[in-house]
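Observations on the three-dimensional arrangement
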Amino acid sequence: CLEDLTFDLPNGYIMGLIGENGAGKTSLLNLILGLYQPDSGLVQVFGKKYKDEECSIRNAIGYVLADEDLFTAGMKLVENAAMYGKYYKNYNEHIFADYCMKFSLDLNRKWNSLSKGEKLKFQFAFALSHDSKLLILDEPTANFDPQFREQFLHAVTDFVKDGERSVILATHQLQDLDQIADYVTLMH
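The following paragraphs examine the structure supplied in this document.

What counts and what doesn't
Residues numbered from 1 in each chain as written. Predicted model: local features only at pLDDT ≥ 70, side-chain atom pairs only at ≥ 80, totals over all residues. Heavy atoms only, no water. 1 Å grid on protein atoms, 1.4 Å probe; cavity = no way out; pocket = protein on both sides within 12 Å on 5 of 7 lines; lining within 4 Å. Points joined across faces, edges and corners; volume = space filled by probe spheres on them. Helix = DSSP H or I, 4+ residues; strand = E, 2+ residues; numbered from the N terminus. Nonpolar A, V, L, I, M, F, W, Y, C, P; charged D, E, K, R; others polar. Core = buried A, V, L, I, M, F, W, Y, C linked by side-chain atoms within 4.5 Å. Buried < 20%, exposed > 50% of the residue type's maximum accessible area, 1.4 Å probe, protein only. Contact = heavy atoms within 4.5 Å. Salt bridge = Lys/Arg side-chain N within 4 Å of Asp/Glu carboxyl O.

Some thoughts on the layout of surface pockets
Considering only enclosed or pocket space, the largest pocket measures out at about 1,200 Å³ in volume. Contributing to the lining of the largest pocket are 35 residues, with Leu5, Phe7, Leu28, Leu42 and Val43 lying nearest its centre. Contributing elements (two or more residues each) for the lining of the largest pocket: α1 (25–32), β2 (44–45) and β6 (166–170). Here the element with the most residues in the lining of the largest pocket is α1; it accounts for 4 residues. Residue classes in the lining of the largest pocket are distributed as 18 nonpolar, 12 polar and 5 charged. In this model, the second largest pocket occupies a volume close to 390 Å³. Forming the walls of the second largest pocket are 18 residues, and the residues nearest its centre are Tyr63, Tyr84, Tyr87, Tyr88 and Phe126.

Spelled out as structure tokens, the structure:
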């Protein structure tokens with residue numbers, strides 16, 4: 001149960017979200033994503049309420065959810081991206097393909113043939129391909145090899161360089177936050 005939780009994340013910043021297991025980090029992220037509805041209170045993203053502007057909010061958020069199987073199992077990566085990309089106004093298949101190449105993902109592989117780390121790389125490439133203004137990242141780095149972890153952290157810091165985009169990164173990997181976070185929010 002989350003109670004009396006209020007925070008603002010300015011544009012251009014990375015916020016680390018930490019706390020013990022069961023503290024509510026994933027529940028908070030699911031509220032921000034509009035996947036959960038609050039029993040009371042109000043969730044605003046970009047100063048907007050989901051009930052008023054759900055489509056524009058969802059268009060502006062990219063996400064990586066470590067414990068979710070978000071894409072269609074028997075489809076190739078390129079097919080998954082095309083199918084789900086049509087729901088985002090600014091989805092760009094060329095940007096997606098470029099990130100997949102950078103992340104060493106074969107677009108012709110099927111989703112269900114990927115390792116957990118590769119699935120997270122795919123989610124990250126997809127999240128970066130539709131001009132998101134906010135990235136929500138729930139425990140992605142725990143499944144990355146050390147070489148890709150560095151590439152991931154660099155991509156996250158590049159994402160906010162324009163001063164218009166922000167990131168919420170929930171993690172237990174405090175060394176990652178030491179490298180990139182502007183703010184750290186502790187949930188207890």
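Remarks on the nonpolar core
Within the largest apolar cluster, 36 residues are counted, with the highest numbers of intra-cluster contacts made by Phe122, Phe124, Leu137 and Val167. Of all the secondary structure elements, the ones that give two or more residues to this core are β1 (14–19), α3 (77–85), α4 (93–102), α5 (116–127), β5 (134–138), α6 (146–159), β6 and α7 (174–180). The residues contacting Phe124, other than those within four sequence positions of it, are Val64, Phe103, Leu135, Leu137, Phe152, Ala155 and Val156. By size, the runner-up hydrophobic cluster in this structure holds 19 residues, among which are Ala23, Ile57, Ile61 and Leu134.

Section: the pattern of salt bridges
All chains considered together, the criterion is met by 9 salt bridges. Salt-bridge contacts for Asp131 lead to Arg165; the nearest nitrogen and oxygen are separated by 2.7 Å. With Asp131 in the loop between α5 and β5 and Arg165 in the loop between α6 and β6, this residue pair connects regions lying 34 residues apart in the sequence. When its relative accessible area of 30% is taken as the criterion, Asp131 is described as partly exposed. Take Arg165: its relative accessible area is 16%, and that puts it in the buried class. Measuring nitrogen to oxygen at the nearest pair gives 3.0 Å for the salt bridge that ties Asp162 to Arg165. Residues joined in a network through salt bridges with shared partners are Asp131, Lys133, Asp162 and Arg165.

Some details on the environment of Pro38
Considering the arrangement of structural elements, one finds Pro38 in the loop between α1 and β2. In this structure Pro38 comes out as partly exposed when scored by relative accessible area, which is 32%. The spatial distance from the C-alpha of Pro38 to the C-alpha of Leu28 is 9.8 Å, given a sequence separation of 10 residues. When residues no more than four places from it in sequence are discounted, the contact partners of Pro38 are Leu31 and Val43.

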